[in-house]
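Here is what each chain is made of, one letter per residue.
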Amino acid sequence: MLMSAADYRESLRRYKPRVFINGDRVESVVDEPRFAPGIAAVGINYDFALDERYRHLMTAQYHRNGKLVNRMLAIDEEPQDLLSKLEAVRLVCRESGCAQRYLTHDAANAIHQATHRIDGGTSGEYHQRFLAYLDHVHDNDLTVGVAMTDGKGDRSLRPSDQPNPDSYVHIKSRRKDGIVIRGAKAIITGAPYMHELLVMPCRNMTEADRDFAVCCAVPIDAENMTIVARPAGRPVGRSARRKYRKI
């Protein structure tokens, strides 16, 4: 399924994230004017994939099932795929100033490769878990934010040595139905108007840091998650004025 910008905008209404902007609680991300530039920028990624002029750049076939997916959700198979993704980013940036959704592509390809290597030659389940998640993302044409950068706390110390363990996102507890994570991530592009977040480690980990070496997907309105955001886009003034297309 390929959504349009209007479809994407309406899809956000299905989520109820806990979001604050400049100290104000946001009741509806879609209707918040201070997020409008970011939502419009993401929307361009969707509309261009449906535009016959750009479809060759903005879509790709997923090799596992032949499904047509947005370029920003594609798994690269050959050098040309990387070049096409680069040209797609340039195309979107010329229109919006920031491609935003390209980060979903980068994270998906990194996790695809990492889980394949982890499981290589074994009956491991990490890669299969990711492939199942990727099918979910493709089927719903989701935009997924990348929650990678941790607060880091005392940067002279490894994650497991931090006096405040919440400086890095980590596994707080393990349960039969999964894990509970805790901590803070920073600089998540477009976080309030994503569908989900991909939590990823921001540095190499040692065995002692194993609870911090966590990679998982989190719905944007997951229980007990709070997003503290700034307005999307650049301040508008004589020296920096940008028009954003209404969707």
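Report on the accompanying structure. For clarity, every value in this text was computed on a predicted model and none was experimentally measured.

Criteria and thresholds
- Residues numbered from 1 in each chain as written.
- Predicted model: local features only at pLDDT ≥ 70, side-chain atom pairs only at ≥ 80, totals over all residues.
- Heavy atoms only, no water.
- 1 Å grid on protein atoms, 1.4 Å probe; cavity = no way out; pocket = protein on both sides within 12 Å on 5 of 7 lines; lining within 4 Å.
- Points joined across faces, edges and corners; volume = space filled by probe spheres on them.
- Helix = DSSP H or I, 4+ residues; strand = E, 2+ residues; numbered from the N terminus.
- Nonpolar A, V, L, I, M, F, W, Y, C, P; charged D, E, K, R; others polar.
- Expected span 1.5 Å × (residues − 1).
- Buried < 20%, exposed > 50% of the residue type's maximum accessible area, 1.4 Å probe, protein only.
- Contact = heavy atoms within 4.5 Å.
- Axes fitted to C-alpha atoms, helices over the stretch in contact; angles between N-to-C directions.
- Parallel < 35°, antiparallel > 145°, perpendicular 65-115°, else oblique.
- Pairing = 2+ DSSP bridges.
- Lys, Arg positive; Asp, Glu negative; His and termini not counted.
- Salt bridge = Lys/Arg side-chain N within 4 Å of Asp/Glu carboxyl O.
- Polar contact = N/O pair within 3.5 Å; in protein donor to acceptor, adjacent residues only side chain to side chain.

1. As for empty space enclosed by the protein
Inspection of the entire model under this criterion finds 3 cavities of 30 Å³ or more. The computed volume of the largest cavity comes to approximately 60 Å³. Around the largest cavity, the lining residues are M72, L73, T104, A108, F130, Y133, L134, V137, V144 and L198. Secondary structure elements with two or more residues in the lining of the largest cavity: α5 (102-119) and α6 (126-140). Counting residues per element, the lining of the largest cavity draws most heavily on α6, at 4 residues. Split into classes, the residues belonging to the lining of the largest cavity amount to 9 nonpolar, 1 polar and no charged. Computed from the structure, the second largest cavity encloses a volume of approximately 50 Å³.

2. Quick notes on helix α2 (residues 36-50)
With 15 residues, α2 should reach 21 Å at 1.5 Å per residue; the first-to-last C-alpha distance of 21 Å fits that figure. Counting buried positions over the 15 residues of α2 gives 12, a clear majority of the element. In this structure, the buried side of α2 is in contact with α1 (5-11), α3 (55-58), β3 (59-61), β4 (68-70) and α4 (79-96).

3. A short note on the side chain of H112
With respect to the secondary-structure elements, H112 resides in helix α5. The class of H112 is buried, set by a relative accessible area of 15%. H112 has contacts with I75, H127, F130 and L131, leaving out every residue within four places of it along the chain.

4. Topic: the packing of α5 against α6
For the pair α5 and α6, interaxial distance at closest approach is 7 Å and the crossing angle is 155°. In terms of orientation, α5 and α6 fall into the roughly antiparallel class. Residues A108, I111, H112, T115, H116, I118 and D119 of α5 pack against Y126, H127, Q128, F130, L131 and L134 of α6. For the contact of α5 with α6, the residue count by class is 7 nonpolar, 5 polar and 1 charged.

5. Some remarks on the layout of surface pockets
Estimates place the volume of the second largest pocket at around 210 Å³. Lining the second largest pocket we find 15 residues, and of these Y15, K16, P17, E27 and S28 sit closest to its centre. Residues belonging to the lining of the second largest pocket are distributed by class as follows: 10 nonpolar, 1 polar and 4 charged.

6. Considering the sheet that holds strand β2 (residues 24-26)
The strand order β2-β1-β10 describes an open sheet built from 3 strands, whose pairing is mixed. Looking at which strands have only one partner, the edges of the open sheet turn out to be β2 and β10 (226-229). Direction aside, neighbouring strands of the sheet carry axes that sit 30° apart on average. The pairing of strand β1 (residues 18-21) with β10 spans 4 bridges and is parallel. Bridge assignment links R18 to a residue of β10, and that residue is T226.

7. Here we look at the side chain of E196
With respect to the element layout, E196 can be found in strand β8 (residues 196-199). Buried within the structure, E196 lacks any salt-bridge partner; R14 is the closest side chain of opposite charge, at an N-O distance of 8.7 Å. A distance of 2.9 Å separates the side chain of E196 from the side chain of H136, its partner in a polar contact. Non-local contacts of E196, meaning those with residues more than four positions away in its chain, are made with Y133, H136, L142, T143, V144, G145, A217, V218, P219 and I220.

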